[in-house]
Amino acid sequence: MKRYDAIKKIITDLDDELVISNIGFPSRELYGIKDRNNNFYMSGSMGMATPIALGLSLALEEKSDDRKVIVIDGDGSLLMNFGELITVYAQNPSNLIIALIDNEAYGSTGSQETYTSKVNLSNIAKSIGYNEVYHVDARNSVDNIDIKQYLDKKEPVFLHIKVKPGNTKAPIIDKTPSQIKNRFMESINKEN
């Protein structure tokens, strides 16, 4: 199974949760699978999906909004901005799930190999101090991905999903960054 299959399994099981998606093909695939106002598609900021999700999760906590924030991130982006894991741990939001889809490749730039074939990101998250670390091998099946089982956790969740590399013929997102931002913000504010 590839990243597309994992994203499809995750998004199918969600209701009103807010989703931040990594740049490039992950956002395009999410858009093609299930476009929703609660999805925020990153464009042009590799390594920043999780920090944006962290900021959103902290803002929601401050407003006593109990919705979960799920970031669909990738191994290449995480490697580009490793400090994000430490910052999330230190801030300790109760409503954030990092769904890290690890295909051991920079999928959006030509599938060059990342170092995650040699380094276990779950072990790194555990060494930082995360209590809620889950490793799911979805290279042969996505049936063992059940995002619902993590929605009731009260501290940050690091869900490390291993998949095979490869992109789909995902559609180009036909919305401008401003349109994506504006409809996402309206969706956040409508729920309250």
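Before reading on, note that the structure itself is shown above.
Model, not experiment: these values are computed from the prediction. (Residues numbered from 1 in each chain as written. Predicted model: local features only at pLDDT ≥ 70, side-chain atom pairs only at ≥ 80, totals over all residues. Heavy atoms only, no water.)

(A) Quick look at the packing of helix H3 (residues 49-62) against helix H5 (residues 83-91). Contact geometry of H3 with H5 gives a least axis separation of 10 Å together with a crossing angle of 15 degrees. Here H5 runs roughly parallel to H3, going by the angle between their axes. In this structure, H3 meets H5 at a crossing whose hand is left-handed. On H5, the residues that touch Thr50, Pro51, Leu54 and Leu58 of H3 are Glu84, Thr87, Val88 and Gln91. Classifying every residue of the contact of H3 with H5 by side-chain character gives four nonpolar, three polar and one charged. (Axes fitted to C-alpha atoms, helices over the stretch in contact; angles between N-to-C directions. Helix = DSSP H or I, 4+ residues; strand = E, 2+ residues; numbered from the N terminus. Parallel < 35°, antiparallel > 145°, perpendicular 65-115°, else oblique. Left-handed = near helix turned anticlockwise from the far one by under 90°. Contact = heavy atoms within 4.5 Å. Nonpolar A, V, L, I, M, F, W, Y, C, P; charged D, E, K, R; others polar.)

(B) Structural detail: the sheet that holds strand S8 (residues 157-162). With parallel pairing, the six strands of this open sheet are ordered in space as S2-S1-S3-S4-S8-S7. Strands with a single pairing partner mark the edges of an open sheet, and in this sheet they are strand S2 (39-41) and strand S7 (132-137). Strand-to-strand twist of the sheet, defined as the mean angle between neighbouring strand axes without regard to direction, takes the value 15 degrees. Note that S7 and S8 share six bridges and pair parallel. Its bridge partner lying in S8, Tyr134 is registered against Leu159. (Pairing = 2+ DSSP bridges.)

(C) Spotlight on the packing of helix H1 (residues 3-12) against helix H2 (residues 25-33). One can describe the packing of H1 onto H2 by two numbers: an axis separation of 10 Å at closest approach and a directional angle of 50 degrees. Between H1 and H2, the interaxial angle falls into the category oblique. Between H1 and H2 lies a crossing of right-handed hand. Each of Arg3, Tyr4, Ile7, Lys8 and Ile11 in H1 lies in contact with H2, whose residues at this interface are Phe25, Pro26, Glu29, Leu30 and Ile33. Broken down by class, the residue content of the contact of H1 with H2 amounts to seven nonpolar, no polar and three charged.

(D) Quick look at the pairing of strand S4 (residues 96-102). With respect to burial, S4 is a largely interior element, seven of its seven residues being buried. Because side chains alternate across S4, one face comprises the buried residues Leu96, Ile98, Leu100 and Asp102, and the other comprises Ile97, Ala99 and Ile101, equally buried. Pairing between strand S3 (residues 69-74) and S4: six bridges, direction parallel. Residue pairing for S4: Val71 is matched across the bridge by Ile98. Sheet topology places S4 next to S8; six bridges connect them, and they run parallel. Residue pairing across strands places Leu100 opposite His160, the latter belonging to S8. (Buried < 20%, exposed > 50% of the residue type's maximum accessible area, 1.4 Å probe, protein only.)

(E) Spatial organisation of H5. Three or more residues of H5 are buried, namely Glu84, Leu85 and Val88. For H5, the angular spread of the buried residues around the axis is 105 degrees, confining them to a single face. The positive-phi residue at the C-terminal boundary of H5 is Asn92, with phi of around 55 degrees. (Arc of directions from axis to C-beta.)

(F) A look at the environment of Lys162. You can see Lys162 is positioned in strand S8. Each C-alpha atom, one on Lys162 and one on Val142, is 9.8 Å from the other, the two residues being 20 residues apart in sequence. If near-sequence neighbours (up to four positions away) are discounted, Lys162 is found in contact with Asp102, Glu104, Thr116, His135, Val136, Asp137, Ala138 and Arg139.

Keep in mind these numbers describe shape, not what the thing actually does.
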